[in-house]
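Close look at the chain arrangement
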Amino acid sequence: MMSLEQQKELLLELSEIALKKVKNLGAEAFVNASVSKQFATRFSNSEVLQNYVDFQRNFSLTVVYNDKQKSTSSTNDLSEESILNLAEYVTKIAKLVPPDPMYPGMLTEKQQYPKLQLNDPNAHNIQPDDIVDKISGAIIAGEAVDQKVEGVSGNFLLVDGYSLFSSSSDVEVIYPETAIVTTLNTQAIQGDEESRSNSDFGSRTFTKLDMETESQEVAERAVNALGATSIEPGDYEVVLDHQAASTIMLMTSMATSSMQLISRRSFLNDRIGQQVFDDKLTVINEPHNPELLSSRPIDDEGLATQSFPVIEDGVLKNYSFSRLHAAKLGAIPKGCGFSFFGRSIGFPFASVMKPGNKTRDKLISEVDNGLLVTNLHYTNFVNPPLGSITGMSKDGFFIIKNGEIVGSAKNMRFTDEIPRFMKDIDIGQELRQPTSMMGIGGMVAPIRAKSFKFTSKTEH
Amino acid sequence: MDDLIAKAIDKAEKGGASFAEVRVFGYKYETVSTRDGQIESCGIYNDRGYGIRVIKNGAWGFASTAVIEENTVDEIAKLALKEAEATSKVQKNPIVLTEEPIIKDKYKTPYKIDPFDISIEDKIEILKLSDQIIMEKGDVIKSRSNGMSFYNVYMDYGNSEGTRITQEELFTGANVSAIAIANDNQSRNEGLFEMRGYEFIDKFDFEKTSDYVSKEAVILATEAQAPKSQRTNFILEPFQLGLTIHESCGHPTELDRVLGWEADFAGTSFLTLDKFGSNYQYGSDKVNLVCDPTMPYVLGHEKYDHEGVAAKKFDVVREGIFKGYQSDRQTAKIVGLENSNGNARIARYNRVPLVRMSNLYLEHDPEGPKDLDALIAETDEGIYGIGWKSHSIDDKRTNFQFAVQIAYEIKNGELGQPLKNTIYQAATPEFWGGLDMMTQEWAIEGLGPSCGKGAPHMQAMWVSHGGPYSRFKDVNIFTG
């Protein structure tokens, strides 16, 4: 088996071969490719269910013909024959598809790609035993919190490798990346009653990933969530803790994507410069922040990534565009193109919320009669043009009275409109990075919303 | 692949594995799509490789590679064993699997036309015509999209018990979408999949589908009203019924969820083990929910699951009583079942199998109204809901809230006013307890590779669901 370094060299060699082949066929092209070693673990009820290792590779080739015809295909077969076949096939298809008059063609403007430290140099040496030891430590730490802790569950993923972008416009960027994401979900039991709590978090550096401390916090929250009482749906003041806040910000970011603008389904359509949110909300896309797991020097279309405000003092400042969407909508793309299966959309994949000056505890202390929401589950748009979303509370739902947490509540469903409940908010000062399944990063602080509508309840 | 599989199993066993299985797995995926009259995507995506899963010292280990060459087997097997050894240091309960028959077979899902043999030009031509039909509905249509996709999925499977299976699946999907903006901003779309070849494109009928999808988008944006909040009879067509089955019956009867193995991401289940075999009342006595991947042509069809277990038809709910879980070899053994129900599936070569839905549906009523018209004629008042718009359900799968794309009022046995932004919300047993009438007519619809499950690597699985046009009484309806 080839080492990661050898695979990196292979990617460079194959991209050169592919681009040369496409050139010979009379077209232009760019390559998005990656190789990585991935260690993954699934654990549940304080047992490791499955440890596995994978050598991930992908080679995606986009061919542009006559500047207006485009086709993309990919393979994970990194043999020279496979790449030559790919180049031939994609070029043939690019010549067949009808031209799109709005497609901006190959990117020719010179880009200044930042040099970012995005990897853990020691990640190459990590062994399965190291990962099992770390997870075992988290399980032991969680179980030690209280006898009511029944089991620690979760998952772990370490990705260590290289990403490449190269093009027939003489661009070649290859950079190492390490990302570690993990989830802890702890169950507490007392008699017939069960509660759970959860945390998603990550790091670029294996040794900095403190699963033990996090496990203790999650376990404490699970134990505190026992004894949940049923409360009635209605309009409540809430503190949305980091994970819940992250869901709301992800839904808000989706509405700034050029895909939503093109399809006319965003509640933020035609609202640039407007005070859509509370003036305490500022969100910046910061793709050069090394702490953000989604940071990167270059987007999927070859543009250098750049920092820009998404929301500033509650005013919508920028959408995120792919190059095609920008051309169609008369905008300038800012290096946030995100591609999948030949489609490119814009997305602020590295958003960071500007923290406020109150601690999370201070936010809670200012609530007379409300709820602390740890996590939101299965949140989806109900009516995208209104920004209406629905979802469930999960993993720790607490009652606040006179500024103090006085107990736990049974989970409820919320259905509300983002521009309504985000109009009167306060922001906490502690930034965290709850990791998401979508590979989209974000640093968020807790949010206190004056009014948040819960519409139905559950028995747990 | 037999040599590679045999070598891998031999290597694993010599390295101390008490069980080993090898999956050479891959897919070829072609997509052609347009948006607002221009090609949005057009290409082929190939992904293939193999994975070795072993049990050593009572623990699982798994390793995989995209390089399907015999000279990689030694290292991949060694890595799988190393993973198992690491796990076994903290393993409390050794892995035990159900005993299953040894199978040697080759199977290919039936199809008439290989979609990969059809030219791109022909495919684009169909999409252009579809786009033209949508565009003809006028300026109120603000965004249009359509597409077709084709998947060839193959698996060579072998295990140390002697099972060797080659299975190849071919499935096709098509979709049309229109967004209309007038009094309101509304969308309407249709997207279906079947385990068929290019002949499904004819069955989907882009011309007819594009016509009604765009007409209904216009109706939604111009004349549809929001429903008033009410509790009433609610009729679902097979696709939206299928989505409701998927979320409120499919996921909670996955045995790995029940055991807590998905708690960190997808959640758990209200159908806990104490309800199994206890005559738990899941729904009304008309509810017969059946898992049957042996049914040909539906998207969830397969002859074998990805642990080499023969697919089988089994009851999940019979006459309203909860009867059975979807399981794999490990989860079935844990709860004392003799055999796996054959629900282990993977989405890629480098993923471990999880308990997944295949083809789960509601049985029709052979004595019910003949078809939708007859069912509506039997309904004094209510609402008929069509198509998926939004869905959400809690982590134990009890409290759900779904929205349909378009609905119609029913008054005195006839369809009336079109309705937009129609939402139904219920608790699972309460909703299924309200099933009181179903048609004889039924259909199974493929949801595409869109069922997400599993962390840290989410696996998108292709599933099918459906059943008859079904009426549920006293459903909570509102708008939003």
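The next thing to look at is a negative patch on the surface. Residue and element names in this part refer to chain A. Together, Glu5, Glu9, Glu13, Glu16, Glu80 and Glu172 make up a region of like negative charge exposed at the surface. Here the negative patch takes four residues from helix H1 (residues 4-24), the largest share from any one element. Along the chain, Glu80 falls in helix H2 (residues 80-96). Exposure remark for Glu80: the relative accessible area of 44% places this residue in the partly exposed category.

Moving on, we come to the interface of chain B and chain A. Of the residues lining the interface, 87 residues belong to chain B; the matching set on chain A comes to 81 residues. Each partner contributes to the roughly 7200 Å² buried at the junction of chain B and chain A, and carbon and sulfur atoms together form 50% of this total. Of all residues in chain B, Tyr45, Asp264 and Pro456 of chain B give up the largest surface area on contact with chain A, accounting jointly for 9% of the area buried on that side. In this structure, Lys396 of chain B engages Glu194 of chain A in a salt bridge whose closest nitrogen and oxygen atoms are separated by 2.9 Å. For the pair chain B and chain A, the interface holds 53 residue pairs in polar contact (both at pLDDT 80 or more). Among the elements that line the side of chain B that touches chain A, the one with the most residues is strand S2 (residues 38-56) of chain B, at 12 residues. Here the residues of the side of chain B that touches chain A sort into 32 nonpolar, 31 polar and 24 charged.

Here the focus is the pattern of salt bridges. Within the structure shown, the criterion is met by 54 salt bridges over all chains. Arg53 of chain B is paired through a salt bridge with Glu307 of chain B; the nearest N and O atoms lie 2.9 Å apart. With Arg53 of chain B in strand S2 and Glu307 of chain B in the loop between strand S9 (289-291) and strand S10 (314-318), this residue pair connects regions lying 254 residues apart in the sequence. Members of the salt-bridge network, linked through shared partners, are Glu237, Lys358, Lys362, Glu366, Asp426, Arg448 and Lys450 of chain A.

All names here are of chain B. Checked against the element boundaries, Leu273 lands in the loop between helix H7 (255-258) and S9. Separated by 52 residues in sequence, Leu273 and Tyr325 place their C-alpha atoms 9.7 Å apart. When neighbours within four sequence positions are excluded, Leu273 is seen to be in contact with Leu255, Val258, Leu259, Tyr325 and Val335.

What follows deals with the environment of Lys370 of chain B. All names here are of chain B. For Lys370, the position within the fold is in the loop between strand S14 (359-362) and helix H9 (372-377). Residues Lys370 and Lys92 lie 278 residues apart in sequence; the distance between their C-alpha atoms is 55 Å. Filtering out sequence-adjacent residues up to four positions away, Lys370 remains in contact with Thr439, Gln440 and Glu441.

Turning our eyes to something else, we now look at the side chain of Asn411 of chain A. One can find Asn411 of chain A in the loop between strand S16 (404-408) and strand S17 (412-417). With residues up to four places along the chain from it excluded, the contact list for Asn411 of chain A reads Met392, Ser393, Lys394, Phe397, Lys457, Thr458 and His460 of chain A.

All right, on to the packing of helix H3 (residues 128-143) of chain A against helix H4 (residues 211-224) of chain A then. Residue and element names in this part refer to chain A. Running from amino to carboxyl end, H3 crosses H4 at an angle of 30°, the nearest separation of the two axes being 8 Å. Of the two elements, H3 crosses H4, and the hand of that crossing is right-handed. For the pair H3 and H4, the contacting residues are Lys134, Ile135, Gly137, Ala138, Ala141 and Gly142 in the first and Met211, Glu212, Ser215, Gln216 and Ala219 in the second. Here the contact of H3 with H4 is built from residues that sort into five nonpolar, four polar and two charged.

The next subject is H2 of chain A. Between the first and last C-alpha of H2 of chain A there are 25 Å, a value that for 17 residues agrees with the 24 Å anticipated at 1.5 Å per step. Among all positions of H2 of chain A, only Ser82, Ile83, Leu86, Ala87, Val90, Thr91, Ile93 and Ala94 of chain A are buried. Seen end-on, H2 of chain A carries its buried residues on one side only, within an arc spanning 165°. Here the buried face of H2 of chain A lies against H1, strand S2 (47-65) and strand S3 (69-75) of chain A together with S2 and helix H3 (120-135) of chain B.

Our focus in this paragraph is the domain arrangement of chain B. All names here are of chain B. According to the domain assignment, chain B contains domain 1 (2-222) and domain 2 (230-479). In this assembly, 52 residues from domain 1 lie in contact with 45 residues from domain 2. Our count for the contact surface shared by domain 1 and domain 2 stands at five salt bridges. We note a salt bridge from Lys303 to Asp105, for which the minimum N-O separation is 2.7 Å. Viewed at the interface, domain 2 and domain 1 are joined by 22 residue pairs in polar contact (both at pLDDT 80 or more). For the side of domain 1 that touches domain 2, the elements supplying multiple residues, two or more each, are strand S1 (19-35), S2, strand S3 (59-65), strand S4 (104-108), strand S5 (141-159), strand S6 (164-181), strand S7 (185-194) and helix H5 (206-222). Examining the composition of the side of domain 1 that touches domain 2, we find that eight residues originate from one element, S7, more than from any other. Class assignment for the residues of the side of domain 1 that touches domain 2 results in 24 nonpolar, 13 polar and 15 charged.

Calculation notes
- The numbering scheme is per chain: residues are counted from 1 as the chain's sequence reads.
- Each chain takes a letter, starting from A, and each ligand takes a number, starting from 1, following the order in which they are written.
- In keeping with the predicted nature of the model, local features appear solely for residues at pLDDT of at least 70, side-chain atom pairs appear and are counted solely at 80 or more, and the whole-chain, interface and lining totals rest on all residues.
- Water and hydrogen atoms play no part in the side-chain values, which are based on all heavy atoms of the structure.
- Here a patch means residues that are over 30% exposed by relative accessible area and free of salt bridges, tied together within 9 Å if like-charged and within 5 Å if nonpolar (Val, Leu, Ile, Met, Phe, Trp, Tyr).
- Surface accessibility in these figures is a Shrake-Rupley result with a 1.4 Å probe; residues are shielded only by whichever protein chains are displayed.
- For this analysis, a salt bridge means a side-chain nitrogen from Lys or Arg found within 4 Å of a carboxyl oxygen belonging to Asp or Glu.
- Positive charges are assigned to Lys and Arg, negative charges to Asp and Glu, while His and the chain termini are left out of the count.
- A single reference atom marks each charge: NZ on Lys, CZ on Arg, CG on Asp, CD on Glu.
- A helix here means a DSSP run of H or I that spans at least four residues, while a strand means a run of E at least two residues long, and both kinds are numbered starting from the N terminus.
- Note on classification: 1.4 Å probe, protein chains only; a residue is buried when its accessible area is under 20% of the maximum for its type, exposed when over 50%, partly exposed between these limits.
- Any pair of residues with heavy atoms lying within 4.5 Å of one another is described as a contacting pair.
- Here the quantity called buried area is the total loss of accessible area, with a 1.4 Å probe, experienced by two parts when brought into contact, counted for both.
- Identification of polar contacts relies on pairs of N or O atoms within 3.5 Å, with a donor-acceptor requirement for protein atoms, meaning one able to donate a hydrogen and the other able to accept it, and with residues adjacent in sequence counted only if both atoms are side-chain atoms.
- Polar here means any residue other than Ala, Val, Leu, Ile, Met, Phe, Trp, Tyr, Cys and Pro, which are nonpolar, and Asp, Glu, Lys and Arg, which are charged; Gly is therefore polar.
- Lines are fitted to the C-alpha atoms to define the axes, a helix being fitted only along its stretch in contact, and any angle between axes, read from their N-to-C directions, falls within 0 to 180 degrees.
- In this scheme the handedness of a crossing depends on how the near helix is turned from the far one: anticlockwise by less than a right angle means left-handed, clockwise means right-handed.
- Between the first and last residue of a helix there are one fewer steps than residues, each counted as 1.5 Å, and that sum is the expected span.
- Relevant arc is that of directions from the helix axis to the C-beta atoms, nothing else.
- What marks off one domain from the next here is an automatic or database domain assignment.

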